[in-house]
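Fold and geometry: a report
Listed here are the chains, written in short residue letters.
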Amino acid sequence: MRSQGVLHCDTEILVPFFDVDTMNVVWHGHYVKYLEVARCALLDKLDHNYTAMLESGYAWPVIDMQLRYVRGAVFGQTINVRASLVEWENRLKVNYLITDLASGERLTRASTVQVAVEVATREMQLASPKIFTDAVERALK
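Below: a short report on this structure. (Residues numbered from 1 in each chain as written. Predicted model: local features only at pLDDT ≥ 70, side-chain atom pairs only at ≥ 80, totals over all residues. Heavy atoms only, no water.)

Within the chain, the regular secondary structure consists of 3 helices and 8 strands. Compactness check: the chain gives a C-alpha radius of gyration of 16 Å against a globular reference of 14 Å for 141 residues, within 12% of the reference. Split into buried and exposed, the 141 residues of the chain put 39% on the buried side. In the chain, the share of contacts with a sequence separation of at least 24, taken over all contacts with a separation of at least 6, comes to 67%. Carbon and sulfur atoms form 54% of the exposed surface of the chain, whose accessible area is close to 8,000 Å². Taken together, the 15 basic and 17 acidic charged side chains of the chain have centroids lying 6 Å from each other. (Helix = DSSP H or I, 4+ residues; strand = E, 2+ residues; numbered from the N terminus. Rg over C-alpha atoms; globule rule 2.2 N^0.38 Å. Buried < 20%, exposed > 50% of the residue type's maximum accessible area, 1.4 Å probe, protein only. Contact = heavy atoms within 4.5 Å. Areas by Shrake-Rupley, 256 points an atom, 1.4 Å probe, with all protein chains shown as cover. Lys, Arg positive; Asp, Glu negative; His and termini not counted. Charge placed at Lys NZ, Arg CZ, Asp CG, Glu CD.)

Residues of strand β1 (residues 7–14) alternate between two faces, with Leu7, Cys9, Thr11 and Ile13 buried on one and His8, Asp10, Glu12 and Leu14 left unburied on the opposite face. As paired strands, β1 and strand β4 (residues 78–87) are joined by 8 bridges and run antiparallel to one another. In the sheet register, Glu12 faces β4, and the bridge partner there is Asn80. (Pairing = 2+ DSSP bridges.)

With that out of the way, let us pick up the environment of Phe18. Looking at the element boundaries, Phe18 is found in the loop between β1 and α1 (30–45). Sequence separation between Phe18 and Ser3 is 15 residues, and the spatial gap between their C-alpha atoms is 32 Å. Setting aside chain neighbours within four positions, we find Phe18 in contact with His30 and Lys33.

Before going further, it helps to spend a moment on the pattern of salt bridges. Under the definition given, this model contains 6 salt bridges. With its nearest N and O atoms 2.8 Å apart, the salt bridge here joins Lys33 to Asp19. One end of the pair, Lys33, is in helix α1; the other, Asp19, is in the loop between β1 and α1, and 14 residues separate them in sequence. Residue classification places Lys33 among the partly exposed positions, given a relative accessible area of 34%. In this structure Asp19 comes out as buried when scored by relative accessible area, which is 1%. Among the salt bridges present, the one from Arg91 reaches Glu87, with a minimum N-O distance of 2.7 Å. A relative accessible area of 30% places Arg91 in the partly exposed class. (Salt bridge = Lys/Arg side-chain N within 4 Å of Asp/Glu carboxyl O.)

Under the defined criterion, the tally for this structure stands at 0 disulfides. Cys9 takes part in no disulfide bond, and the closest cysteine sulfur, belonging to Cys40, lies 10 Å away. We classify Cys9 as buried; its relative accessible area is 13%. Judged by relative accessible area, Cys40 falls into the partly exposed class, the value being 26%. (Disulfide = S-S within 2.5 Å.)

Written as structure tokens, this is what we have:
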């Protein structure tokens, strides 16, 4: 079972027409966009979003992503994307669960891993910057 994380954020998305293929199912690549929307909401909840990350001198590229499709979302369906903070001290790991909002049926699960890279030197950090870990600790209180 995937970790539920120490903090989570739910984001509702109404599947738009331009995200579906000729079978009326969301094209698999669009799920990455849904994860990004949910991750941004989670970072906003931490009060340390991508703007704050960049202002602190760090970029956070995604270095790993895993998706497991269970059932395709369809045009007009409202989905819930739950982003859960799992790791933050050495890397940023977020687990996701995409469900149908009305029934709660699981559609997709996923995870992403990001690492801090100092913008000035382009060097990957072996530990998350203190400014980020402090933001997480404040959010957990």
